[in-house]
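# Residue-level structure breakdown
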Amino acid sequence: AAHLVDGRRRPHVPILDVFRCAFLMFVQRLPSLNALEEVLRRRGRSFVQKAVPSADTMGYAYERLDSDGVRAMLQHVCAASRRNKSLRRRGSARPWVVAIDGHELFASYKRCCPNCSQRRIKTEAGERIQYFHRVVTAQLVGVVPPISLDAEMIGPGEGEQIAGRRLVARVLRAFPFIDVVTMDALYLEEPILRLITRAGKGAVVTLKQEDRQLYHEAMALIAAAPPEQCVVDGVPIKFWDLKDIRHWEGMEDIPVRVVRSETTRTIRNRVARKWVEREETSTWMWAVVGPACNLSIPEIHRAGHDRWDIENLGYNVMNRYFALDHCFKHSAKAILNFILTLFLATVLAECFLSRNLKPQLRHGVSLAGLARLLLEGAASKRATCLWSTGSSP
């Protein structure tokens, strides 16, 4: 973190100390800067080398922090995790898949900033303007531990796809090992798919809009062809595999492969003291472009379903345990920097628990328990800094 810079002039608290406190705030799962300030008042000298920042100082500094410095740290952690075999794919010989998705952080009727998006909401008191912020993030999916790679704020009046293009371009440059990008149906558009294919990568995109020409053509071909069968992770599925479809909107020169899968599961529930079984059928369809067209049916099926990791293991976990949707500082730049610091803290905390602690110490300790232990362990009254005293922490 020694390379981090910010735009403050002659700051009393170095940006390195500010970043350390923000990092520890997320590792210890504190819900806000005010909660962190309470901790810093009693034991802050063990967190910093020069000065203890206040909540206002941290917000002010994070509004001026260079985001590329935090992104470089995420790149270093990801590369080191792959090199040390700490980042493991669920299953052998799977491609490296990154998911792209958007998320709304928080909304307000009263507080706003120049970078807030706006919408009109009908209420009992009449129509009101609501201000909100949204973000698009990239996360490696189908891996353990889950790791979020980057984030991009959605500007006012800007669509999610535009911010997604900026994010995809940056992620593919920074993480060249990625093989496949998986996305929701919202991103099934020419600009972002051309961006991915020109980078030599593949894409697996959910296909569900019934007003698309590609959807109607695929359904017509599926109706005339019998399904095939295979087993994916022990579950039998029926699938239709349509290759080299070229007549679709704006992408006639790029072949697309459409895969439709149908899975039937037996669901067993306890109802009125009796076990009730019922069959549940789920149907999915994906558009596959680029080198991803060479993947097998099980690999496409996994990549399409692994996209949900960004919701289940990303947004849901970070919002519930790490206050992702909390407004630490109402500024688009500060919001982005806090999110990137959160990404770094979550992956390092999980790697520390699973790969650094000995099995005897790790037994019976969860990530939430680790956060409590770290918070309790920082209660020492010693005045020396926890960090290294060398030039590079």
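Just above sits the structure.
A quick note: this is a predicted structure, and the numbers were derived from the prediction, not measured. (Residues numbered from 1 in each chain as written. Predicted model: local features only at pLDDT ≥ 70, side-chain atom pairs only at ≥ 80, totals over all residues. Heavy atoms only, no water.)

## Focus: the overall build of the protein
When helices and strands are counted, the protein shows 12 helices and 12 strands. Against the compact-globule benchmark of 21 Å for 393 residues, the protein has a radius of gyration of 24 Å, which places it among compact chains. When its C-alpha atoms are laid out on the principal axes, the protein stretches across 75 × 55 × 50 Å. Here the protein holds 393 residues, and 49% of them are scored as buried. Within the protein, counting contacts between residues at least 6 apart in sequence, those at least 24 apart form 65% of the total. Surface accessibility of the protein: about 19700 Å² in total, with carbon and sulfur atoms responsible for 50%. Treating the 57 positive side-chain charges of the protein as one cloud and the 41 negative ones as another, the clouds have centres 9 Å apart. (Helix = DSSP H or I, 4+ residues; strand = E, 2+ residues; numbered from the N terminus. Rg over C-alpha atoms; globule rule 2.2 N^0.38 Å. Buried < 20%, exposed > 50% of the residue type's maximum accessible area, 1.4 Å probe, protein only. Contact = heavy atoms within 4.5 Å. Areas by Shrake-Rupley, 256 points an atom, 1.4 Å probe, with all protein chains shown as cover. Lys, Arg positive; Asp, Glu negative; His and termini not counted. Charge placed at Lys NZ, Arg CZ, Asp CG, Glu CD.)

## A look at the environment of Ser366
Locating Ser366 in the fold gives a position in the loop between helix H11 (359-362) and helix H12 (367-377). Expressed as a C-alpha distance, the spacing of Ser366 and Glu350, which sit 16 residues apart in the sequence, is 9.5 Å.

## What about H12?
Among the residues making up H12, those that are buried are Gly369, Leu370 and Ala371. In this structure, the buried side of H12 is in contact with helix H1 (15-27) and helix H10 (332-356).

## A look at unusual backbone geometry
The step from Val144 to Pro145 runs through a cis peptide bond, and the omega angle for that step is -5°. Following the sequence through the fold, Pro145 ends up in the loop between strand E5 (143-144) and strand E6 (147-154). The phi angle at Lys85 is positive, at roughly 60°, despite the residue not being glycine. Of note, Lys85 is situated in the loop between helix H4 (67-83) and strand E1 (88-89). Of note in the backbone geometry, Ala272 takes a positive phi value of approximately 50° without being a glycine. With respect to the helices, strands and loops of the structure, Ala272 is situated in the loop between strand E11 (256-271) and strand E12 (274-289). Note on Ala272: relative accessible area 68%, which makes it exposed.

## As for the pairing of strand E10 (residues 235-245)
The pairing of strand E9 (residues 228-232) with E10 spans 5 bridges and is classified as antiparallel. Following the sheet pairing, Val231 is matched in E10 by Pro236. Linking E9 back to E10 in an antiparallel pair, the connection comprises 2 residues, with Asp233 at a positive phi of about 55°. Note: E10 against E11, 7 bridges, orientation antiparallel. Of the residues in E11, the one forming a bridge with Asp241 is Val259. (Pairing = 2+ DSSP bridges.)

## Quick look at the environment of Phe322
Following the sequence through the fold, Phe322 ends up in helix H9 (residues 309-322). Expressed as a C-alpha distance, the spacing of Phe322 and Gly304, which sit 18 residues apart in the sequence, is 27 Å. When neighbours within four sequence positions are excluded, Phe322 is seen to be in contact with Phe26, Arg29, Val317, Phe328, Leu342 and Thr346.

## Digging into the pattern of salt bridges
All chains considered together, the criterion is met by 24 salt bridges. Salt-bridge contacts for Arg71 lead to Asp150; the nearest nitrogen and oxygen are separated by 2.7 Å. One end of the pair, Arg71, is in helix H4; the other, Asp150, is in strand E6, and 79 residues separate them in sequence. Several salt bridges share partner residues, and in doing so they unite Asp68, Arg71, Asp150, Glu152, Glu158, Arg166 and Arg170 into one network. (Salt bridge = Lys/Arg side-chain N within 4 Å of Asp/Glu carboxyl O.)

## Topic: the side chain of Arg212
Structurally, the position occupied by Arg212 is in the loop between strand E8 (202-206) and helix H7 (213-223). We classify Arg212 as buried; its relative accessible area is 17%. If sequence neighbours within four positions are ignored, Arg212 has contacts with Ala185, Leu188, Leu207 and Glu249.

## Re the packing of helix H5 (residues 160-174) against helix H6 (residues 190-198)
Where H5 meets H6, the closest approach of the two axes is 10 Å, and the angle between their N-to-C directions is 5°. Of the possible angle classes, the one that applies to H5 and H6 is roughly parallel. Of H6, the residues touching H5 (which contributes Gly164, Arg165, Val168, Ala169 and Leu172) are Pro191, Ile192, Leu195 and Ile196. When grouped by side-chain class, the residues that make up the contact of H5 with H6 number 7 nonpolar, 1 polar and 1 charged. (Axes fitted to C-alpha atoms, helices over the stretch in contact; angles between N-to-C directions. Parallel < 35°, antiparallel > 145°, perpendicular 65-115°, else oblique. Nonpolar A, V, L, I, M, F, W, Y, C, P; charged D, E, K, R; others polar.)

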